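Close look at the chain arrangement
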Amino acid sequence: MLSDFKEFIAKGNVMQLAVAVIIGGAFATIVKSLTDEVIMPVVGAVFGGADFSSYFVLLSVPEGYEGDLGDYAALKEAGAAMIGYGAFITAIINFLILAFIIFLMVRYTMKVMEQMDKKEEEPAAEEPAGPTEVELLTEIRDSLAK
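Along each chain, residues carry numbers from 1 onward, in the same order as the chain's sequence is written. Owing to the predicted nature of the model, reporting of local features is limited to residues with pLDDT of at least 70; listing and counting of side-chain atom pairs is limited to 80 or more, with chain, interface and lining totals taken over all residues. Computation of side-chain values: all heavy atoms of the structure, hydrogens and water removed.

1. A closer look at the side chain of Thr90
Structurally, Thr90 can be placed in helix H4 (residues 85-121). Pairs of N or O atoms within 3.5 Å make up the polar contacts considered here, provided that, within protein, one atom can donate a hydrogen while the other can accept it, and that residues adjacent in sequence are counted only when both atoms are side-chain atoms. Of the polar contacts made by the side chain of Thr90, one reaches the backbone oxygen of Gly86; its length is 2.9 Å. Numbering of helices and strands starts at the N terminus; helices are DSSP runs of H or I of at least 4 residues and strands are runs of E of at least 2.

Shown next as structure tokens:
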């Protein structure tokens, strides 16, 4: 079983998958930054708030908490029960951006693969043959004869 596992890991597809996972993780960080730093402030401004990700519904305040009841980060750190719908909406937007980009990548890849398959299937069309050397010489002779 161990030798089968080593053989499986040594295959190129597994290595490519590992690289893809690492690149995907880095790409997710870029998308999160795009969402948090560019898109969500615009969405927040449209809906009248500067920080959309801190929208929440407070269910209960922890005992002994004396901080601001509007401070999402402080309440979260204190262990308050709350529904963070702004953070949830931000996560949904992150997902939609990633899903759309992956869709575009897969769509483009499939089109390229289809084009490659068509090129392999279709034999190269022969260019229309021009007049042969004999035909050209005959034409020249006839022109000179006139």
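2. Quick notes on the packing of aromatic side chains
One pair of aromatic rings is described through two measures. These are the centre distance and the angle between the planes. The criterion for an aromatic pair is that two Phe, Tyr or Trp rings (for Trp, the six-membered ring) have centres within 6.5 Å, with stacked assigned to planes under 30 degrees apart, edge-to-face to planes over 60 apart and tilted to the rest. Applying the stated criterion across every chain, the model contains 2 aromatic pairs. Between Tyr55 and Tyr85 the ring centres are 6.1 Å apart and the planes differ by 45°, which places this aromatic pair in the tilted class. Separated by 30 residues along the polypeptide, Tyr55 in the loop between helix H2 (12-46) and strand E1 (57-60) and Tyr85 in helix H4 bring together distant segments of the chain. Classification of Tyr55 by relative accessible area gives partly exposed; the value is 21%. Taking the centre distance of 5.4 Å and the plane angle of 45° together, the rings of Phe56 and Tyr72 count as tilted. Here Tyr72 lies in helix H3 (residues 72-78) and Phe56 lies in the loop between H2 and E1, a separation of 16 residues in the sequence. For Tyr72, a relative accessible area of 15% corresponds to the buried category. For each residue, the accessible area found with a 1.4 Å probe, counting protein chains only, is set against the maximum for its type, and the residue is called buried under 20%, exposed over 50%, and partly exposed in between.

Interpretation in functional terms is not warranted from these geometric data alone.
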